Amino acid sequence: MKKIVFVIAAMLVSLASHAQFEAGKAYVGASLSGFDLSYNGLTKGHMNLQGKVGYLFADNLMGTAQIAYDKKEDVPYAITVGAGGRYYIEQNGLFLGASVLFKHQDRYDDMLPSVQVGYSFFVSRTVTVEPEIYYEQSFKNHKDYSQFGLRIGIGVYLFRDPKQN
């Protein structure tokens, strides 16, 4: 019985997310990480607030730009800007992402290539909750500045034409 309920729920989720990631949609999102959900060699925990915008220029393929504010224990705040992309796998909400980030902190600048894997849970027709796991590789000092963690976000997918869908 549990298997049947699971299969029906999976089919409903796949139907609900069908055609959500088509070309011509814009994306606006905000996410939060830290609060001991991430780790690097220098600090035990931190808080990171990130804003992201994107545009689906092809089905399942989004270009993104982001800005983030990062505050760590015993370390001055950092501002990060970046550009990247997402690929949505088979319209099911699972995505793979990659980006290049520039981080500026007091007397410290770094370039960080980043990879992400996450899932877009649709809570309405256009609003999503998006947990993602990320890894950022530091060019400056791998041991102390590279980090991995969990980020929880909220996204809004905007239609290009209100009459569409």
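A short tour of the structure in this document, coming up. (Residues numbered from 1 in each chain as written. Predicted model: local features only at pLDDT ≥ 70, side-chain atom pairs only at ≥ 80, totals over all residues. Heavy atoms only, no water.)

Counted by the stated rule, this structure contains 6 salt bridges. The residue E132 makes a salt bridge to R151 at a minimum N-O spacing of 2.6 Å. In this pair, E132 sits in strand 8 (residues 127–136) while R151 sits in strand 9 (residues 147–158), placing the two residues 19 residues apart along the sequence. Pair check on accessibility: E132 and R151 agree, each one buried. Through salt bridges with shared partners, one network takes in E132, E136 and R151. (Salt bridge = Lys/Arg side-chain N within 4 Å of Asp/Glu carboxyl O. Helix = DSSP H or I, 4+ residues; strand = E, 2+ residues; numbered from the N terminus. Buried < 20%, exposed > 50% of the residue type's maximum accessible area, 1.4 Å probe, protein only.)

Positive phi outside glycine occurs at N60, with the angle close to 70°. Along the polypeptide, N60 turns up in the loop between strand 2 (46–58) and strand 3 (61–72). Overall, N60 belongs to the buried group, its relative accessible area being 13%. The phi angle at R107 is positive, at roughly 60°, despite the residue not being glycine. When you line up the elements, R107 lands in the loop between strand 5 (94–105) and strand 6 (108–119).

This paragraph deals with the side chain of D110. In this fold, D110 is placed in strand 6. Buried charge D110 goes without a salt bridge, the closest partner of opposite sign being K140 at 6.7 Å. Within the local environment of D110, its side chain forms a polar contact with the side chain of Y108, the two groups lying 2.8 Å apart. Here S138 takes part through its side chain, which lies 2.4 Å from a polar atom of the side chain of D110. Apart from the residues within four sequence positions on either side, D110 is in contact with L101, F102, K103, S138, F139, K140 and Y145. (Lys, Arg positive; Asp, Glu negative; His and termini not counted. Polar contact = N/O pair within 3.5 Å; in protein donor to acceptor, adjacent residues only side chain to side chain. Contact = heavy atoms within 4.5 Å.)

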